[in-house]
Amino acid sequence: MGEEKYARRNTVLIVDDTQLNRRLLSEMMCSEYNILEAVDGEMACHMIEEHEQEIAIVLLDLVMPKMDGFEVLERMNERKWIEHIPVIMITSETSDEMVNRASTLGAIDYITKPFNYTIVRIRVQSTIQLYEKQRALIRELETYASDSKEIHPMTGLLKRDSFFEEASKYIKDHQGPFAILAVDVEHFKLLNESFGRNRGNDLLRSMSEQLRILSKDYDALVGYFGGDDFCILMSQNEKNIKYVENRLITNAKDFLPGSVILPVIGVYNLASEDENLENAYDLACIAVNQNLGNYKNRMCFYTPHMLEEMKYENVQLGNALEGLRKEEFVFYIQPHCDTQTGKIVGGEALARWKHDDKIVPPIEFIPVMEKKSVISELDLFVWEHVCIWIRKWVDAGHEPIPISINVSRVDLYSLDVPEIMKNLIKVFRLDPKWLIIEITESTYAQDFSVVEEAITSLRAMGFKIWMDDFGSGYSSLNMLSRVDVDAIKLDMKFLENVSDNQKGTNVLESVINMAKMIKIPLVVEGVESPEHIEYLRKRNCN
């Protein structure tokens, strides 16, 4: 197609079997665009084939005779038209099922009947402008690729080998000292699995654009090494390096608000200009590895002890995964007790690892599994075995007590938690009231929309939801007013503070009173002495 595919397009194709709708839309657009009309899907496909290089956008009715809008979208995918011709749905029905199906097939927006003149024009104009910019960027990238095979066509950045060739020249031409930055996107795999690879590629393109800007602002060398890995070579200026971190994090948060899918940056300061740059990059990657899961500070500088820590973590992770395969993991139940009667009224399932005839402390395997995003494998194991245990308890003629199970941030992104819980209670014939779902407070704060969607589904099925680790540093009264939880579970540090000082006592009493005021039951974790029990009993914290 040559230059034709980059030419400015100025034609709107309106596809609707109702003449009135076609006329109304045509009158809205005709002053700025050429108009084509099709009365059904078959006619629309013929027109797209004939005018492919002229059509800027398709306004597509979903419900039509002969060939409906969904079939048109399928044909556009088969013929690759959808890659460069945007489609806006026309519909009078905006059910989630219909919109999701059309979006999956490539439609990027919708307009509803009856038509709103302002909304239609804005959506059509903004979509056409977006695709014009996209075509211009593709042209630019293809020009780069034709000039040099070492430029990555999607990102427009230097590939790995070419980057290190240019890096040697960069160091000779610039004043040191230098730093090399490794950039990785934490949980990038979850983004691809949850939203599709196209969305993942969009994030990589967005990051690449930011890096091109930063390379000009700070005279830096930037490269893309495949997957979700980027590299930056720049001067050892801590202020500028911090700005790079802020720019990339802000861009990612704008791209996917409320998400933990964020860049993590490792920095290695070169000791001399003669240092091997590929080895330096590997050390920056070790810093990345050590900083995974740290949502407070997304940048980390390499220190020599990190290499030994990484080796230890990799051994522990390998052993833990092998332990899961061999079913060395078990769960213990930590009882929930009524402070007034002492009666056990429930319990929490806690994973424990029996390895080499000893119990491995959770601190030695859970943080590593969380950091490497494999904690879901352990969680799934515990959930299923808790259900097996409850089923055996019921079959033995006992009245079960509710058992709480932990759901992590990674679980909510990588698994369909409501569907899994639904299947578990079905397979093991359990009442949902026998399982309590615990989600940490930090997850609510950082991933509110994801949590809200999950707990809405779970509560509709009859599950109770607890907010775990309340008071660990993220919460606010405003957030508590927005979420539907059946209880809040206090972080154990509150009781530790009670033992130490009056200030700690005042804080705990304030939290207890707050819970009573907003009528949310309170569970206090870490009760280990008669004094703790008496303290809570006097304050009617049951």
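Cut-offs and rules
Residues numbered from 1 in each chain as written. Predicted model: local features only at pLDDT ≥ 70, side-chain atom pairs only at ≥ 80, totals over all residues. Heavy atoms only, no water. Helix = DSSP H or I, 4+ residues; strand = E, 2+ residues; numbered from the N terminus. Buried < 20%, exposed > 50% of the residue type's maximum accessible area, 1.4 Å probe, protein only. Contact = heavy atoms within 4.5 Å. Areas by Shrake-Rupley, 256 points an atom, 1.4 Å probe, with all protein chains shown as cover. 1 Å grid on protein atoms, 1.4 Å probe; cavity = no way out; pocket = protein on both sides within 12 Å on 5 of 7 lines; lining within 4 Å. Points joined across faces, edges and corners; volume = space filled by probe spheres on them. Nonpolar A, V, L, I, M, F, W, Y, C, P; charged D, E, K, R; others polar. Pairing = 2+ DSSP bridges. Axes fitted to C-alpha atoms, helices over the stretch in contact; angles between N-to-C directions. Phe/Tyr/Trp six-rings, centres within 6.5 Å; stacked < 30°, edge-to-face > 60°. Lys NZ or Arg CZ within 6 Å of the ring centre and 35° of its normal. Right-handed = clockwise from strand over helix to strand, strands pointing away. Expected span 1.5 Å × (residues − 1). Polar contact = N/O pair within 3.5 Å; in protein donor to acceptor, adjacent residues only side chain to side chain. Parallel < 35°, antiparallel > 145°, perpendicular 65-115°, else oblique. Left-handed = near helix turned anticlockwise from the far one by under 90°.

Visitor: Got a sec to walk through the overall build of the protein chain? Specific residues and values, please.
Guide: Counting its secondary structure elements, the protein chain contains 21 helices and 18 strands. Oriented by its inertia axes, the alpha-carbon framework of the protein chain measures out at about 80 × 70 × 45 Å. Counting all 542 residues of the protein chain, 49% fall into the buried class. Counting only contacts in the protein chain whose residues sit at least 6 apart along the sequence, the fraction spanning at least 24 positions is 67%. Carbon and sulfur atoms form 49% of the exposed surface of the protein chain, whose accessible area is close to 27,200 Å².

Visitor: Any chance you could break down unusual backbone geometry for me, citing the residues and the numbers?
Guide: Backbone geometry follows two general trends: most residues other than glycine have a negative phi, and most peptide bonds adopt the trans configuration. Residues K113 and P114 are joined by a peptide bond in cis, for which omega reads -5 degrees. With respect to the helices and strands, P114 occurs in the loop between β5 (109–112) and α5 (117–147). For the bond running from G176 to P177, omega is 0 degrees, close enough to zero to count as cis. Structurally, P177 can be placed in the loop between α6 (160–173) and β6 (178–185). With phi around 60 degrees, E327 is a residue other than glycine that occupies positive phi space.

Visitor: Give me the layout of surface pockets: which residues, what numbers.
Guide: Taken as a whole, the second largest pocket spans an internal volume of roughly 1,200 Å³. Around the second largest pocket, the lining comprises 42 residues; the ones closest to its centre are I366, E370, S408, T440 and D469. Those elements giving two or more residues to the lining of the second largest pocket turn out to be β12 (344–355), α12 (366–371), α13 (375–395), β14 (403–407), α14 (409–414), β15 (435–440), α16 (441–446) and β16 (464–470). Class assignment of the residues belonging to the lining of the second largest pocket gives a composition of 19 nonpolar, 10 polar and 13 charged.

Visitor: Summarise the sheet that holds strand β8 (residues 229–235); cite the residues concerned and give the values.
Guide: Strands sit in the order β7-β8-β6-β9-β10 across an open sheet of 5 strands; the sheet is mixed. Since the sheet does not close on itself, it has two edges, and those belong to β7 (221–224) and β10 (299–301), each with one partner. On average, each strand axis in the sheet is tilted by 20 degrees relative to the strand beside it, whichever way the strands run. In terms of strand pairing, β6 meets strand β9 (residues 263–269) through 7 bridges, oriented antiparallel. Note that in β9 the partner of L181 across the bridge is V267.

Visitor: So what's going on with the packing of aromatic side chains? Which residues, and what values?
Guide: Working definition: an aromatic ring pair is given by the centre-to-centre distance plus the angle between the planes. Overall, the coordinates contain 14 aromatic pairs when judged by the stated rule. A ring pair is formed by F225 and Y281, whose centres lie 4.9 Å apart and whose planes are at 70 degrees; its orientation type is edge-to-face. Taken together, the residues F225 in the loop between β7 and β8 and Y281 in helix α10 (residues 277–291) connect sequence positions 56 residues apart. With a relative accessible area of 16%, F225 lands in the buried category. Three or more aromatic residues joined by ring pairs make a cluster, and in this case those are F163, F164, F225 and Y281. For the cation-ring pair, R101 lies above F70, with the distance from its terminal atom to the ring centre recorded as 4.0 Å. Directly above the ring of F255 sits R199, whose terminal nitrogen or CZ lies 4.1 Å from the centroid.

Visitor: Break down the pairing of strand β1 (residues 11–15) for me, citing the residues and quoting the values.
Guide: Of all 5 residues that make up β1, 5 are buried, and the element is covered over most of its length. Across the two faces of β1 the burial is the same, with T11, L13 and V15 and V12 and I14 all buried. Bridge analysis of β1 against strand β3 (residues 55–61) gives 5 bridges, and the strand direction is parallel. Opposite T11, over in β3, you have I55 as the bridge partner. Relative to strand β2 (residues 34–38), β1 runs parallel, the two being bridged by 5 bridges. If you follow I14 over to β2, its bridge partner there is E37. With helix α1 (residues 19–29) bridging β1 and the parallel β2, this β-α-β connection has right-handed handedness.

Visitor: Account for the sheet that holds β3, with residues named and values stated.
Guide: If you walk across this open sheet you meet the 5 strands as β2-β1-β3-β4-β5, and the pairing is parallel. At either margin of the open sheet sits one strand with a lone partner, and together these are β2 and β5. Each neighbouring strand pair of the sheet contributes to a mean axis angle of 25 degrees, computed without reference to strand direction. Those strands touched by α1 are β1, β2, β3, β4 (87–91) and β5, and its axis lies near 170 degrees from that of β2.

Visitor: Which residues make up α10, and what are the values?
Guide: In this model, α10 (15 residues) spans 21 Å end to end at C-alpha, consistent with the 21 Å of a helix rising 1.5 Å per residue. N-capping of α10 is provided by N276, with a side-chain oxygen placed 3.0 Å from the backbone N of E278. Once α10 finishes, G293 follows within two positions and takes phi at roughly 85 degrees, a positive value.

Visitor: I'd like a description of the pairing of strand β11 (residues 329–337), backed by residues and values.
Guide: For β11 and β12, the ladder comprises 9 bridges, and the chain directions are antiparallel. Residue pairing in the sheet places C337 in a bridge with I344 of β12. Where β11 folds back on β12, the antiparallel hairpin that results is connected by 6 residues, among which G342 adopts a positive phi of roughly 80 degrees.

Visitor: Quick one: what's the story with the packing of helix α15 (residues 417–427) against helix α17 (residues 448–460), residue by residue and with numbers?
Guide: Interhelical geometry of α15 versus α17 gives an angle of 20 degrees and a closest axis separation of 9 Å. Put simply, α15 runs roughly parallel to α17. Crossing hand, α15 versus α17: right-handed. Contact with α15, carried on its side by V417, P418 and M421, involves A454, S457 and L458 of α17 and no other residues of that element. Broken down by class, the residue content of the contact of α15 with α17 amounts to 5 nonpolar, 1 polar and no charged.

Visitor: I'd like a description of the side chain of H84, backed by residues and values.
Guide: One can find H84 in the loop between α3 (69–78) and β4. What H84 contacts, discounting residues up to four positions off in sequence, is R9, E52, Y131 and R135.

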